[in-house]
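The residues making up each chain are set out below.
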Amino acid sequence: MRFKDKTVVITGAASGMGRSAALGFAREGAAVVACDLLEDEAASLLAELDAAGGGGARFVRLDVAREEDWEVLARMLRDSGGLDVLFNNAGISGTFDPDLSSTRAWERLLDVNAKGVFLGMKHAVPLMRPRGGGAIVNMSSISASVGQHRVHMGYSASKAAVQAMTRAAAVHYAEDGIRVNAVAPGLLPPMRTSRGSADPVWREKQIDAVPLKRAGHVEEVATAVLFLASDEASYITGVELAVDGGFLSL
Ligand SMILES: NC(=O)c1ccc[n+]([C@@H]2O[C@H](COP(=O)([O-])OP(=O)(O)OC[C@H]3O[C@@H](n4cnc5c(N)ncnc54)[C@H](O)[C@@H]3O)[C@@H](O)[C@H]2O)c1
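Conventions and cut-offs
- Residues numbered from 1 in each chain as written.
- Predicted model: local features only at pLDDT ≥ 70, side-chain atom pairs only at ≥ 80, totals over all residues.
- Heavy atoms only, no water.
- Helix = DSSP H or I, 4+ residues; strand = E, 2+ residues; numbered from the N terminus.
- Expected span 1.5 Å × (residues − 1).
- Bend = angle between axes of the 7 residues up to and from the residue.
- Polar contact = N/O pair within 3.5 Å; in protein donor to acceptor, adjacent residues only side chain to side chain.
- Phe/Tyr/Trp six-rings, centres within 6.5 Å; stacked < 30°, edge-to-face > 60°.
- Buried < 20%, exposed > 50% of the residue type's maximum accessible area, 1.4 Å probe, protein only.
- Pairing = 2+ DSSP bridges.
- Axes fitted to C-alpha atoms, helices over the stretch in contact; angles between N-to-C directions.
- Parallel < 35°, antiparallel > 145°, perpendicular 65-115°, else oblique.
- Left-handed = near helix turned anticlockwise from the far one by under 90°.
- Contact = heavy atoms within 4.5 Å.
- Nonpolar A, V, L, I, M, F, W, Y, C, P; charged D, E, K, R; others polar.

Trainee: Let's hear about helix 4 (residues 103–128): which residues, and what values?
Mentor: Spanning 26 residues, helix 4 covers 36 Å between terminal C-alpha atoms, matching the ideal 38 Å at 1.5 Å per step. Of all the bends in helix 4, the greatest, near 35 degrees, is centred on Lys115. The backbone nitrogen of Arg104 lies 3.4 Å from a side-chain oxygen of the residue at the head of helix 4, namely Ser102.

Shown next, in the form of structure tokens:
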């Protein structure tokens, strides 16, 4: 039970990798605070989390791009004792808008994927300090490191911002006992907001470029997240762990 008596906040917890990680943390004893915009998913998510175990899960409607929402969450966590782990996972796809030169898409991608991660760290750190430390895992992507056809450059920029913020925050908060790392998944199941990257032909080509010759499973990313958030990674901070079947090694 690596996370017994730990409070773990996960953004974008209602779906995909966030949901898988939430279940993983609950199985390891954590009290999961599952945050998302998708309130309709709350009941089924909480039922799954309670069945998995853990210290009692809660759902909070939170838009990661809205600082007011983070302030409300931070007050709630302060009143209930603080925070040990933050998984800054929520994000939108770089193919949600087929117009690769859309300025609106650029703004939205940076708002959710990059500012959302910044705000999460900003509001998590003051809750972790009084507990003598904590762990933050940020959701990056292989798109931070390579260009991809059909993917808006705002997505790549947002994930490169996550990569850079992870290193900066690791340095800033090391003296508080807070470790900050990132995971960079490669080809995983399409996101809810994926359009171009959900196209089977596009996916086939991408998979062909993966040395392991398959897409990843959400559980394989969740495993990496739990490791980085756990005491087993006690001397690891500021790294981005690729979970990409070797894609970035080509
Ligand atoms: N699927 C992939 O191939 C892939 C690859 C690399 C990285 N990623 C990243 O992984 C993360 C999770 O993606 P996923 O594949 O599980 O996709 P998903 O669409 O299944 O999950 C994303 C979750 O984030 C939530 N969300 C979106 N905007 C939000 C906001 N403003 N505030 C709060 N919640 C919000 C959604 O409601 C959803 O539950 C994202 O950051 C994504 O960029 C995905």
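Trainee: Lay out the packing of aromatic side chains with the relevant residues and their values.
Mentor: Inspection of every chain in the model, using the stated rule, returns 1 aromatic pair. Aromatic pair Phe3 and Phe25: ring centres 4.8 Å apart, planes at 70 degrees, arrangement edge-to-face. With Phe3 in the segment before strand 1 (7–11) and Phe25 in helix 1 (residues 16–27), this pair connects stretches of sequence that are 22 residues apart. By the burial criterion, Phe3 is buried, and Phe25 matches it.

Trainee: Describe the pairing of strand 2 (residues 31–36), listing the residues and the values that go with them.
Mentor: Extensive coverage of strand 2 is indicated by the burial of 6 of its 6 residues. Burial along strand 2 is two-sided: the residues Ala31, Val33 and Cys35 and Val32, Ala34 and Asp36 are all buried. Summarising the sheet, strand 1 and strand 2 pair through 5 bridges and their orientation is parallel. Bridged to Thr11 within strand 2 is Cys35.

Trainee: Pulling in residues and values, what's your account of the packing of helix 1 against helix 7 (residues 218–229)?
Mentor: For the pair helix 1 and helix 7, the least separation of the axes is 8 Å and the interaxial angle reads 55 degrees. Comparing the axis directions of helix 1 and helix 7 gives the class oblique. Handedness of the helix 1/helix 7 crossing: right-handed. From helix 1, Gly16, Met17, Ser20, Ala21, Gly24 and Phe25 reach across to helix 7, where they touch Val218, Glu219, Val221, Ala222, Val225, Leu226 and Ala229. Among the residues forming the contact of helix 1 with helix 7, the class breakdown is 9 nonpolar, 3 polar and 1 charged.

Trainee: A description of unusual backbone geometry should follow, citing residues and the corresponding values.
Mentor: At Asp5, a position not held by glycine, the phi torsion is positive, near 65 degrees. For Asp5, a relative accessible area of 64% puts it in the exposed group. A positive phi angle, near 60 degrees, is found at Lys213, a position not held by glycine. Mapped onto the fold, Lys213 is located in the loop between helix 6 (200–208) and helix 7.

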